[in-house]
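Working through the structure, step by step
Each chain, written out:
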Amino acid sequence: MSQPSVVAAVPAAPSAAALVHFEASFTFETDCWDVHEALAGGAPDFVLLDVRGTEKYAAGHVPGARDLAHRKIVAGKLAQYPPDTLFVVYCAGPHCNGAARAAVRLARLGRPVKLMIGGVTGWLDEGFALAQLP
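These remarks concern the structure in this document. (Residues numbered from 1 in each chain as written. Predicted model: local features only at pLDDT ≥ 70, side-chain atom pairs only at ≥ 80, totals over all residues. Heavy atoms only, no water.)

Here's the deal with a positive patch on the surface
Residues Arg71, Arg101, Arg105 and Arg108 make up a contiguous surface patch of positive charge. Looking at the element boundaries, Arg101 is found in helix α6 (residues 98-108). (Patch = residues over 30% accessible without salt bridge, like charges linked within 9 Å, V, L, I, M, F, W, Y side chains within 5 Å. Areas by Shrake-Rupley, 256 points an atom, 1.4 Å probe, with all protein chains shown as cover. Salt bridge = Lys/Arg side-chain N within 4 Å of Asp/Glu carboxyl O. Lys, Arg positive; Asp, Glu negative; His and termini not counted. Charge placed at Lys NZ, Arg CZ, Asp CG, Glu CD. Helix = DSSP H or I, 4+ residues; strand = E, 2+ residues; numbered from the N terminus.)

Structure follows, in structure tokens:
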């Protein structure tokens with residue numbers, strides 16, 4: 001009998017557990033396509049934060065995103081937003097944990113937050129353009 005592949009060596013979770021896990025993931029993250037669609041609608045019900053830093057933001061960011069580096073996320077910078085404002089955060093891409101760091105900071109401040117999986121890399125992979133500062 002042949003050995004199972006590395007993929008099958010660890011059995012998949014039972015379907016009920018998988019359902020709970022994957023349904024819960026939507027409460028923590030969204031994707032580039034859904035963000036793009038919401039922004040294209042003209043009145044997004046969230047604030048999109050580019051958390052990479054001002055220099056990278058200026059070089060190219062998701063249109064409609066606001067520049068707020070994850071290290072600078074503090075209560076005072078969020079005072080202009082109602083407490084129930086949903087923040088969606090992104091960074092460079094799947095190789096970067098800046099968005100997760102931003103999500104932690106926002107959650108510690110009691111703010112609703114989701115991570116845009118893929119970040120700038122995912123945005124570009126979907127064929128969407130970046131905006132640049134003049």
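Notes on the pairing of strand β2 (residues 47-50)
Residues Val47 and Leu49 of β2 are buried on one face, and the alternating residues Leu48 and Asp50, pointing to the opposite face, are buried as well. Pairing of β2 with strand β4 (residues 87-90) involves four bridges; the strand directions are parallel. Of the residues in β4, the one forming a bridge with Leu49 is Val89. (Buried < 20%, exposed > 50% of the residue type's maximum accessible area, 1.4 Å probe, protein only. Pairing = 2+ DSSP bridges.)

A few points about the state of the cysteines
With the rule as written, the count across this model stands at zero disulfides. This cysteine, Cys96, is not joined by any disulfide, and Cys91 carries the nearest cysteine sulfur, 3.0 Å off. (Disulfide = S-S within 2.5 Å.)

Some thoughts on the nonpolar core
Across soluble globular proteins, nonpolar side chains have a tendency to be buried as a group. In terms of nonpolar packing, the biggest core is built from 15 residues, with Leu49, Val51, Ile73, Leu78, Phe87, Val89 and Leu106 touching the most fellow members. Counting residues per element, the ones that place at least two in this core are β2, β4 and α6. At four residues, α6 tops the list of elements feeding residues into this core. Excluding residues that lie within four positions of it along the chain, Ile73 makes contacts with Val51, Leu68, Leu78, Ala102, Arg105, Leu106 and Leu109. Ranked by size, the runner-up nonpolar core spans 13 residues in total, among them Phe46, Leu48, Val62 and Val120. (Core = buried A, V, L, I, M, F, W, Y, C linked by side-chain atoms within 4.5 Å. Contact = heavy atoms within 4.5 Å.)

As for α6
All buried positions along α6 are accounted for by Gly98, Ala99, Ala102, Ala103 and Leu106. Mapping the buried residues of α6 onto a view down its axis gives an arc of 140°, with all of them on the same face. Structurally, α6 contributes buried residues whose contacts are with β2, α5 (75-78), β4 and β5 (113-117). Just beyond α6, the residue with positive phi is Gly110, at close to 80°. (Arc of directions from axis to C-beta.)

Everything listed here is a matter of geometry and, on its own, says nothing about what the molecule does.
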